[in-house]
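# Survey of secondary and tertiary structure
Chain by chain, the residues run as shown.
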Amino acid sequence: MSPLASGPQGPTALRPLLTTVLDALTAGAATRDGPLPAGGPTEVAARLREALGDPFPEHGDEDALRTLVQALAAGAADPADPLCTAHLHCPPLAVATAADLAASVLNPSLDSWDQAPAASELEALVTRALAAEVYGETGQARSAGDALVTTGGTESNQLALLLAREHHGHTQLVCAENAHHSLRRATWLLGLPEPVTVPAPAGTMDPAALGEALTALPGPLLVAATAGTTDAGLIDPLPDIAALCETHGARLHIDAAYGGGLLFSDRHGPKLDGLARAHTVTLDLHKLGWQPIAAGLLAVRDRHDLAPLGHHADYLNADDDTEAGLPDLLGRSLRTTRRPDILKIAVTLKTLGRTGLGDLVDQVCARATEFAELIHRHPHFELHDRPTISTVLFRPTDATDDTVAAVRRTLLTEGWAVLGRARLDDRLWLKATLLNPHTGADDLAALLKLVEGHTPR
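Let us look at the structure shown here. Just so it is clear, the model here is predicted, and its values are computed rather than measured.

## Observations regarding the sheet that holds strand 1 (residues 146–150)
- Strand order in this open sheet of seven strands is 1-7-6-5-4-2-3, and the pairing throughout is mixed. A single partner strand is all that each edge strand has here, and the edge strands are strand 1 and strand 3 (196–198). On average, adjacent strands in this sheet sit at an angle of 20° to one another, irrespective of strand direction.
- By the bridge criterion, four bridges tie strand 5 (residues 251–256) to strand 6 (residues 280–284) in an arrangement that is parallel. Paired with histidine 253 across the two strands is threonine 280, which belongs to strand 6.
- Here helix 8 (residues 181–189) sits on the sheet and contacts strand 2 (172–176), strand 3, strand 4 (221–226) and strand 5; the angle it forms with strand 2, its principal contact strand, is near 165°.

If you want it as structure tokens, here you go:
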């Protein structure tokens, strides 16, 4: 009979399996000579199909764990490799990953207290502490704020729009050209009007254009600002936007999925001035928080704003159980079955503290500044701008957009480097998002040398 992971015998059953997994991860990674497998989609898919064989055989294969973990590791893009810099895809902390294993073993489901007695209390304590990071630790904000755990920025943004709709009716979204695509998609999912888009001429929302829109449009209005764009890591002028919202009586949401991690840094935290004036804030700790996916949050300034999420299902939150003191968890998410992603977050916060997390933020921001300076000094490259967070945009001097795209794809298919792409100023740029605090100056030079060496002259 197959052993179980939980229960008194669980650790005994898991121990040899963990050894198998760790050995397979090591062996799989050793077959890659770079941050991702060479060969492009066709060859990677063929190797995976060969390793998998029949996905659902008549009789089981005792070696399946080793085979498939090794195949997945061999075919992975490794976010811990210094040359893997395309996306907001962080290398997770070992301590957070270990905590995530414990969450899987215990397998609580945060839809009723009797499935997650300790996990539900842990979530309540940690989410309120994170809300206090956003909204301040003193006064009314500390007692009023709260946060929900989500699967990431997309779910958080959708929840923010849902709460605005439920509190203010048929809300009109106002956002800038730089806003994340999930906001516009959320208006479609929620049956809201087409968003009003204001210009972002320098990559960030234009406050003057926002003021004109708020003056001209009938309410109720929800303004969505961005603290950390996905293309260049830019931050909208949050204090100016908050002031305009307050003047015009508009609700404010700030998508800080990327930039929210700056809160942990004394050096970079001031870039988020104005964040606490938002009604809702999106955070993603699987970006500048070094968590295994998923680790999203939606912070709310007033926890009473969460009331519309309340829901009754007698088998989960019967009235007499609630009156007897059993916590009602259904209003903490639109999902029912929900794993305790808060455990890895709590372990990380407790292990590293604000200083330790702040140091990691400072390190990746410093690496981005160093990389930008390296590009700026290089005669064969053009730098888009100095980084605001840890994203650097650059391109070979005098290259066409087709050349920029081809260089990126060549590096990908050969398995040498993972660079992203962004279109700004009507030109295509290579994008390096530095989220690995272990990246060094030699790694940055090697990345630039790879791009230079594969750019036609």
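Picking up after the structure, the text goes on.
## So, the sheet that holds strand 10 (residues 420–424)
- Judged by pairing direction, the sheet is antiparallel, and its four strands sit side by side in the order 8-9-11-10 without closing on themselves. Of all the strands in the sheet, the pair left with one neighbour each is strand 8 (381–383) and strand 10. Looking at each pair of strands side by side, their axes are set apart by 40° on average, direction ignored.
- Strand direction decides the pairing type here: strand 9 (residues 391–396) and strand 11 (residues 427–433), joined by four bridges, are antiparallel. Looking at the pairing, phenylalanine 394 lines up with leucine 430 of strand 11.
- Packing of helix 13 (residues 342–377) onto the sheet brings it into contact with strand 8, strand 9 and strand 11, and relative to strand 9 it is tilted by some 20°.
- Most of the contacts of helix 14 (residues 401–414) go to strand 11, to which it runs at about 30°, and overall it touches strand 9, strand 10 and strand 11.

## Describing the nonpolar core
- Core analysis: the largest hydrophobic core is formed by 58 residues, its most contacted members being Val223, Leu252, Ile254, Val281 and Trp290.
- Sorting elements by how many residues they give to this core places helix 13 first, with eight residues.
- When residues no more than four places from it in sequence are discounted, the contact partners of valine 281 are Val134, Tyr135, His253, Ile254, Ala256, Leu275, Leu297, Leu298 and Ala299.
- By size, the runner-up hydrophobic cluster in this structure holds 25 residues, among which are Leu383, Val404, Ala405 and Leu434.

## Brief notes about unusual backbone geometry
- Across the junction of glycine 219 and proline 220, the peptide omega takes the value -5°, indicating a cis bond.
- By secondary structure assignment, the location of proline 220 is in the loop between helix 9 (207–216) and strand 4.
- Each neighbour pair has its own omega, and for isoleucine 293 with alanine 294 the value is 10°, a cis peptide bond.
- Of note, alanine 294 is situated in the loop between strand 6 and strand 7 (296–300).
- Unlike most non-glycine residues, asparagine 107 shows phi in positive territory, near 55°.
- Located in the positive-phi region is aspartate 398, a residue other than glycine, with phi close to 65°.
- Along the polypeptide, aspartate 398 turns up in the loop between strand 9 and helix 14.
- For aspartate 398, a relative accessible area of 74% translates into the label exposed.

Analysis parameters
- Residues numbered from 1 in each chain as written.
- Predicted model: local features only at pLDDT ≥ 70, side-chain atom pairs only at ≥ 80, totals over all residues.
- Heavy atoms only, no water.
- Pairing = 2+ DSSP bridges.
- Helix = DSSP H or I, 4+ residues; strand = E, 2+ residues; numbered from the N terminus.
- Axes fitted to C-alpha atoms, helices over the stretch in contact; angles between N-to-C directions.
- Contact = heavy atoms within 4.5 Å.
- Core = buried A, V, L, I, M, F, W, Y, C linked by side-chain atoms within 4.5 Å.
- Buried < 20%, exposed > 50% of the residue type's maximum accessible area, 1.4 Å probe, protein only.

So far we have only geometry, and geometry alone does not tell us how the molecule works.
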